[in-house]
Amino acid sequence: MRTYLFIFATACIAALTACNDKVSNPDIESSSSDKASNHSWIPVSSSEQDSPEWSSSAMSSSTIPAYSSSEHIPHALSSSAEPYVDYSSSIEESSSSEVIEPSPEIVLDKDGFATIADVYKSLAPDEKAVFIIRHSEREDDVALETELTANGIQMAQDLGATLKSEEEFSYVTSGFVRTNETANQISKGRGEATSPKLITNYDITGNWFLKISADSLAKQATALGLKGSSIELMARWAYEGGYPETFYEMEPRAQEFMQAVILKNLSKWKRITIMVSHDIFVMPLAVFGSQKKVALKYHEDYHWINFIAGLAVIADAQNNLRYIPVKGAESGVIDYLALYMAEHKIYTK
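All figures in this text were calculated on a predicted structure; none of them were measured in a lab.

What follows covers the overall build of the protein chain. Secondary structure assignment for the protein chain yields ten helices and twelve strands. Looking at the protein chain residue by residue over its 349 residues, the buried ones come to 55%. Relative to all contacts within the protein chain whose residues are 6 or more apart in sequence, the contacts with residues 24 or more apart total 76%. Of the roughly 14900 Å² of accessible surface on the protein chain, 51% is carried by carbon and sulfur atoms.

This part takes up the pattern of salt bridges. Oppositely charged side chains can form a pair if their charged atoms are brought close together. In this structure the tally under the stated criterion is nine salt bridges. Residue Glu 127 pairs with Arg 322 through a salt bridge whose shortest N-O separation is 3.1 Å. Within this pair, whereas Glu 127 is found in the loop between α2 (116-122) and β5 (128-134), its partner Arg 322 is found in strand β11 (residues 321-327), the two being separated by 195 residues in sequence. Of the two residues, Glu 127 and Arg 322, neither departs from the other in class, the shared state being buried. Close ionic contact of Asp 279 with Arg 134 constitutes a salt bridge, the shortest N to O distance being 3.9 Å. Here Arg 134 lies in strand β5 and Asp 279 lies in helix α8 (residues 279-289), a separation of 145 residues in the sequence. With respect to class, Asp 279 is no different from Arg 134; both count as buried.

At a minimum axis distance of 6 Å, the contact between helix α3 (residues 150-161) and helix α4 (residues 177-190) shows a crossing angle of 45 degrees. In terms of their interaxial angle, α3 and α4 are classed as oblique. For the element pair α3 and α4, the recorded crossing hand is right-handed. Here Ile 153, Ala 156, Gln 157, Leu 159, Gly 160 and Ala 161 of α3 lie close against α4, whose contacting residues are Thr 182, Gln 185, Ile 186, Lys 188, Gly 189 and Arg 190.

This paragraph deals with the packing of aromatic side chains. Any two aromatic rings considered together are summarised by their centre-to-centre distance and by the angle between their planes. By the definition in use, this model includes nine aromatic pairs. Centre to centre, the rings of Phe 209 and Phe 281 are 6.2 Å apart; their planes meet at 40 degrees, and the pair counts as tilted. Of this pair, Phe 209 sits in the loop between β7 (198-200) and α5 (217-223) while Phe 281 sits in helix α8; the two residues are 72 residues apart in sequence, bridging distant segments of the chain. Considered together, Phe 209 and Phe 281 belong to a single accessibility category, that of buried residues. Residues Trp 237 and Phe 247 carry aromatic rings whose centres are separated by 4.4 Å and whose planes lie at 15 degrees to one another, so their mutual orientation is stacked.

Summing up the model confidence of the protein chain, the mean pLDDT is 78 and the portion of residues at 70 or higher is 70%. Per-residue pLDDT stays below 50 along residues 89-102; that stretch engages in 31 contacts with residues further than four places along the chain or on separate chains.

So, on to the environment of Lys 297. Topologically, Lys 297 is positioned in the loop between α8 and α9 (298-301). Owing to a relative accessible area of 28%, Lys 297 belongs among the partly exposed residues under this scheme. Not counting residues up to four positions away in its chain, the partners in contact with Lys 297 are Tyr 239, Tyr 302 and His 303.

Before going further, it helps to spend a moment on helix α10 (residues 336-343). Counting buried positions over the eight residues of α10 gives six, a clear majority of the element. For α10, the complete set of buried residues consists of Tyr 336, Leu 337, Ala 338, Leu 339, Tyr 340 and Met 341. Downstream of α10 by one or two residues, Lys 345 has phi in the positive range, about 55 degrees.

Right, let's get into the nonpolar core. Counting 58 residues, the largest nonpolar core has Ile 132, Phe 257, Met 258, Ile 262, Met 275 and Leu 296 as its most contacted members. Within the second largest apolar cluster, 28 residues are counted, among which are Phe 131, Leu 159, Phe 307 and Ile 314.

Its place among the elements puts Thr 205 in the loop between β7 and α5. Judged by relative accessible area, Thr 205 falls into the buried class, the value being 15%. There is a polar contact of 3.3 Å between the side chain of Thr 205 and the backbone oxygen of Tyr 202.

Let us now look at the pairing of strand β6 (residues 169-173). In terms of burial, β6 is a largely internal element, five of the five residues being buried. Side chains Phe 169, Tyr 171 and Thr 173 project from β6 onto one buried face, and the interleaved Ser 170 and Val 172 project onto a second face that is buried too. As paired strands, β6 and strand β8 (residues 272-277) are joined by five bridges and run parallel to one another. Its bridge partner lying in β8, Thr 173 is registered against Val 276. Where β6 lies against β7, three bridges are found, and the strand directions are parallel. Across the sheet, Thr 173 pairs through a bridge with Thr 200, a residue of β7. Chirality of the crossover, the property in question, places the unit of β6, α4 and β7 among those that are right-handed.

As a further point, take the environment of Val 276. For Val 276, the position within the fold is in strand β8. Along the backbone, Val 276 and Phe 176 are 100 residues apart, and their C-alpha atoms lie at a distance of 9.6 Å. Ignoring sequence-local partners within four residues, the contact set of Val 276 consists of Ile 133, Arg 134, His 135, Val 172, Thr 173, Ser 174, Thr 179, Thr 182, Ala 183 and Ile 204.

The next thing to look at is the environment of Glu 232. With respect to the secondary-structure elements, Glu 232 resides in helix α6 (residues 229-240). Overall, Glu 232 belongs to the buried group, its relative accessible area being 11%. In this structure, Glu 232 is in contact with Leu 226, Lys 227, Tyr 298 and His 299, ignoring residues within four places of it in sequence.

Criteria and thresholds
Residues numbered from 1 in each chain as written. Predicted model: local features only at pLDDT ≥ 70, side-chain atom pairs only at ≥ 80, totals over all residues. Heavy atoms only, no water. Helix = DSSP H or I, 4+ residues; strand = E, 2+ residues; numbered from the N terminus. Buried < 20%, exposed > 50% of the residue type's maximum accessible area, 1.4 Å probe, protein only. Contact = heavy atoms within 4.5 Å. Areas by Shrake-Rupley, 256 points an atom, 1.4 Å probe, with all protein chains shown as cover. Salt bridge = Lys/Arg side-chain N within 4 Å of Asp/Glu carboxyl O. Axes fitted to C-alpha atoms, helices over the stretch in contact; angles between N-to-C directions. Parallel < 35°, antiparallel > 145°, perpendicular 65-115°, else oblique. Left-handed = near helix turned anticlockwise from the far one by under 90°. Phe/Tyr/Trp six-rings, centres within 6.5 Å; stacked < 30°, edge-to-face > 60°. pLDDT = per-residue confidence, 0-100. Core = buried A, V, L, I, M, F, W, Y, C linked by side-chain atoms within 4.5 Å. Polar contact = N/O pair within 3.5 Å; in protein donor to acceptor, adjacent residues only side chain to side chain. Pairing = 2+ DSSP bridges. Right-handed = clockwise from strand over helix to strand, strands pointing away.

In structure tokens form, the structure reads like this:
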């Protein structure tokens, strides 16, 4: 039966590859599970002002190789509790590391993410936290003014509802409409009486880790023969290194961000800051902060960073930083293989 299903799945993929000659919606950011379609999944260029994000269409058959019958097919957007592991680092001139006792209130799911609410509730009174997250679900078009979907608005409000308290938050965004809307809807979900004053930071628009333009990433991936295009290229770099002509080295560049942006501005922000950015920026930070333990290996299992997921950066009174990958929805990942299998009704046992 396994062999039959594998042959069947392979045949479906081959047939879809042969007939699918459309180019995807001009959008360079991943979508959520409920926005799957039959478009060919080919990232295309964004405008110069746009964040380098990925296609919102479902993955094409040519992008996802068939799994062998002996391989496990992951479930889409699922989570289960795992023992909490704290990823810690002291960001000082010496770049020394400090082991910090994990909080008993926090657990990581099977993909390595804790809920934002659990992390928020576990903070000590003298700790500050910056939650760096990808924006909520947006419309298919990708531009500076692209808005959130109705579902994206609800997702952000639901996250805000888990963070209700009397204290004020700071909200930092990339300045794009979808990041501004995400921040505003989180604030609304928290029950804040007025819309927050948004702080725009152009270091988080998405180019922090790139040495080339975002629009050149897909061309680079094509030249390397990567069927997963820009996403696969980024995943390989984040977990395996290399590509020095395209990317900065991840860990030193992430550490530089912590120094130049987080610690530089921490005293100006409230105890809690919600920083809303884009997947191309948030994904490497989550990999860095988890010491590559978070499950975003697109080149191996087709996982990509989900909406309102990212990394919590927590500072103690001495500005020692520790990191926890976080999610604001049910899962911190989008499992594109499972979505593809479900979309095309391909099942395994």
